[in-house]
Amino acid sequence: MPVTPDTILLEPLATHHAEAFWPHAQSDALYAFVPIEQPGSQQELAAWFARLAAGAPAHLNEEWLNWAVRLPEGGAVAGIVQATVMPDGEAELAYLIAPAFWGHGIGRVAVRRMIEWLWHERAVAVLRAVADTRNLRSQALLDALGFVLAGEVASSIRGVPSTDRVYAAQARSVLRRA
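The structure reproduced in this document is the subject of the present report. Each residue is numbered by its place in its chain's sequence as written, counting from 1. Local features in this predicted model are restricted to residues of pLDDT 70 or higher, and side-chain atom pairs are both shown and tallied only at a pLDDT of 80 or more, whereas totals for entire chains, interfaces and linings draw on every residue. Derived side-chain values reflect all non-hydrogen atoms in the structure, with water molecules and hydrogen atoms excluded from consideration.

1. Quick word on the overall build of the chain
Argument step 1. The numbering of helices and of strands both runs from the N terminus, where a helix is a DSSP run of H or I of at least 4 residues and a strand a run of E of at least 2. Looking only at helices and strands, the chain has 5 helices and 7 strands in total.
Argument step 2. The secondary structure elements of the chain, listed N-terminal to C-terminal, are β-α-α-β-β-β-α-β-α-β-β-α.
Argument step 3. Computed over its C-alpha atoms, the radius of gyration of the chain comes to 15 Å, within 12% of the 16 Å expected for a compact globule of 178 residues.
Argument step 4. With the principal axes as the frame, the chain shows a C-alpha extent of 40 × 35 × 35 Å.
Argument step 5. Here the chain, with 178 residues, has 43% of them falling under the buried criterion.
Argument step 6. Computed with the Shrake-Rupley method and a 1.4 Å probe, the accessible areas treat only the protein chains shown as cover for residues. Of the roughly 9,100 Å² that the chain leaves accessible, carbon and sulfur atoms contribute 53%.
Argument step 7. Under the counting rule used here, the positive set is Lys and Arg, the negative set is Asp and Glu, and His together with the chain ends is not counted. A charge is said to be at NZ when it belongs to Lys, at CZ for Arg, at CG for Asp and at CD for Glu. Side chains of the chain give 14 positive and 18 negative charges; the mean places of these two sets differ by 6 Å. C-alpha atoms define the radius of gyration in this analysis, and the globule rule sets the expected value at 2.2 Å times the number of residues to the power 0.38. Here's how the labels work: a residue is buried when its accessible area is under 20% of the maximum for its type, exposed when over 50%, partly exposed in between, all with a 1.4 Å probe on protein chains only.

2. As for the pattern of salt bridges
Argument step 1. Counted as salt bridges are all cases of a side-chain nitrogen of Lys or Arg within 4 Å of a carboxyl oxygen of Asp or Glu. Using the criterion set out here, one finds 6 salt bridges in the structure.
Argument step 2. Between Glu-90 and Arg-128 there is a salt bridge, with the nearest N and O atoms lying 2.3 Å from each other. One end of the pair, Glu-90, is in strand S4 (residues 90-97); the other, Arg-128, is in strand S5 (residues 126-132), with 38 residues separating them in the sequence.
Argument step 3. For Arg-128, a relative accessible area of 21% gives the class partly exposed.

3. With respect to the packing of aromatic side chains
Argument step 1. Each Phe, Tyr or Trp ring, with Trp reduced to its six-membered ring, pairs with another whose centre is within 6.5 Å; inter-plane angles below 30 degrees give stacked pairs, above 60 give edge-to-face pairs, and intermediate values give tilted ones. Under the defined criterion, the tally for this structure stands at 3 aromatic pairs.
Argument step 2. For the ring pair Trp-48 and Phe-49, a centre distance of 5.6 Å and an interplane angle of 40° mean the geometry is tilted. Each member of the pair, Trp-48 as well as Phe-49, carries the same accessibility label: buried.
Argument step 3. A connected cluster of aromatic rings, assembled from ring pairs, spans Phe-21, Trp-48 and Phe-49.

4. Digging into the pairing of strand S6 (residues 148-157)
Each regular strand carries side chains that alternate between the two faces of the sheet.
Argument step 1. As judged from the 9 bridges shared by S6 and strand S7 (residues 160-170), these two strands associate in the antiparallel manner. Considered in S7, the bridge of Leu-149 is made with Tyr-167.
Argument step 2. Whether two strands pair depends on DSSP finding at least two bridges between them. Turn length for the S6-S7 hairpin, with the two strands adjacent in sequence and antiparallel, is 2 residues, and the turn residue Arg-158 shows positive phi of about 50°.

5. Some words on the environment of Val-109
Argument step 1. Topologically, Val-109 is positioned in helix H3 (residues 106-122).
Argument step 2. Its relative accessible area of 8% is what places Val-109 among the buried residues.
Argument step 3. Counting along the chain gives 40 residues from Val-109 to Val-69, while the straight-line C-alpha distance between them is 9.8 Å.

6. Regarding unusual backbone geometry
Argument step 1. Notably, Ala-123 is not glycine yet its phi reads approximately 55°, a positive angle.
Argument step 2. Among the structural elements, Ala-123 can be located in the loop between H3 and S5.
Argument step 3. By relative accessible area, Ala-123 is classed as exposed at 59%.
Argument step 4. A positive phi is found at Arg-158, a non-glycine position, where the angle reads about 50°.
Argument step 5. Along the polypeptide, Arg-158 turns up in the loop between S6 and S7.

7. Here's the deal with the layout of surface pockets
Argument step 1. Here a cavity means grid points, on a 1 Å grid over the protein atoms only, where a 1.4 Å probe fits yet cannot get out; a pocket means an open set of points with protein on both sides within 12 Å along at least five of seven lines; lining residues are those with an atom within 4 Å of a point. Grid points are joined across faces, edges and corners, and a volume is the space filled by probe spheres set on the points. Quantified by volume, the largest pocket comes out at close to 1,100 Å³.
Argument step 2. Lining the largest pocket are 43 residues, and of these Val-34, Ala-94, Tyr-95, Leu-96 and Ser-138 sit closest to its centre.
Argument step 3. No other element matches the 6 residues that S4 contributes to the lining of the largest pocket.
Argument step 4. For this classification, Asp, Glu, Lys and Arg are treated as charged, while Ala, Val, Leu, Ile, Met, Phe, Trp, Tyr, Cys and Pro are nonpolar and the rest, including Gly, are polar. Grouping the amino acids of the lining of the largest pocket by side-chain chemistry returns 26 nonpolar, 12 polar and 5 charged.

Following this line, the structure appears as structure tokens:
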């Protein structure tokens, strides 16, 4: 499955994406290193997507942007990419790509396309992302995009202590990389 920017579509996340993503959302591996609960049904997944699509509550003073990562061939939803944009113009990125699509560059292309959009549409210059120290795939994706390790913080996943690596990058630097 050759992946290029032309073979991946980012669509604003909506509840209808839950139907296409549901078969992939059932994989335990998808949730191994992220602090979210695996949805028990397609309806729970759709409700989660609806909460994300609704955006941040006003009292948080931040903007939530969420996209479904769709493959035009067959219409599969391979995952989601997310950005939380702060009032100072910085953004924290997150992504969740289904294991069936790992190893094909889909995450890298999708995150890069999100960064392009953030740069052009929201003038986001500073980017941050967090990856569990055990999540080697996520760390490799961030390294490939030009993010640099900025530190580590204690965290937990479903009550189990863990450590997150915090990465940072300048959007301009990421976009210059091939």
